[in-house]
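# Tertiary structure, described
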Amino acid sequence: MSFPDRKEDEVRRMLDGPYPAVPPDLPGRAATRGRRMLRRLRAVRAAGWVLLISAVIAFAVWAAIVQPWTIPPTDTSPPVEGW
């Protein structure tokens, strides 16, 4: 058996008491803030896609120019001639 917690008692007293007054313009402010947050989220998502696509294009152009899959020439030893 456990003793009642002080925080639990405070929460129960808060819930049993009268509800706090809600400002009349709260729904309008909440909707405005929600629209603003969605607009920011869409802008960040669009910027992320643009950044990803530009990185893929830059990589493709670099790979097409440099061709890193080809074997580099061996310039470490002189050619053997006169055998």
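To be clear, the structure that these remarks concern was listed above.
Treat the numbers as computed from the prediction; the structure is a model and nothing was measured.

Moving on to the pattern of salt bridges. Between side chains of opposite charge, pairing is possible as soon as their charged atoms come close. Enumeration according to the criterion identifies 3 salt bridges in this entry. Measuring nitrogen to oxygen at the nearest pair gives 2.8 Å for the salt bridge that ties R6 to E10. Taken together, the positions of R6 and E10, both in helix α1 (residues 6-16) and 4 residues apart, correspond to about one turn of that helix. R6 sits in the exposed class, given a relative accessible area of 56%. The class of E10 is partly exposed, set by a relative accessible area of 34%. Close ionic contact of E8 with R12 constitutes a salt bridge, the shortest N to O distance being 2.9 Å. In this pair, E8 and R12 both sit in helix α1, 4 residues apart, roughly one turn of the helix.

So, on to the environment of P72. Relative to the helices and strands, P72 resides in the segment after α2 (26-66). Here P72 falls in the exposed class, since its relative accessible area comes to 60%. The spatial distance from the C-alpha of P72 to the C-alpha of P24 is 73 Å, given a sequence separation of 48 residues.

On to the environment of R36. With respect to the helices, strands and loops of the structure, R36 is situated in helix α2. Distance from R36 to A60, taken between C-alpha atoms, is 36 Å for residues 24 residues apart in sequence.

This next bit is on α2. Here α2 is 41 residues long and its end C-alpha atoms lie 59 Å apart, about the 60 Å a rise of 1.5 Å per residue gives. Trailing α2 by a residue or two, Q67 shows a phi angle of about 50 degrees, which is positive.

For the rest of this paragraph, the subject is unusual backbone geometry. Positioned with a positive phi, Q67 is a non-glycine residue whose angle comes to about 50 degrees. Secondary-structure assignment places Q67 in the segment after α2. Relative accessible area serves as the criterion here: at 36%, Q67 is assigned to the partly exposed category.

The rules behind each value
Residues numbered from 1 in each chain as written. Predicted model: local features only at pLDDT ≥ 70, side-chain atom pairs only at ≥ 80, totals over all residues. Heavy atoms only, no water. Salt bridge = Lys/Arg side-chain N within 4 Å of Asp/Glu carboxyl O. Helix = DSSP H or I, 4+ residues; strand = E, 2+ residues; numbered from the N terminus. Buried < 20%, exposed > 50% of the residue type's maximum accessible area, 1.4 Å probe, protein only. Expected span 1.5 Å × (residues − 1).

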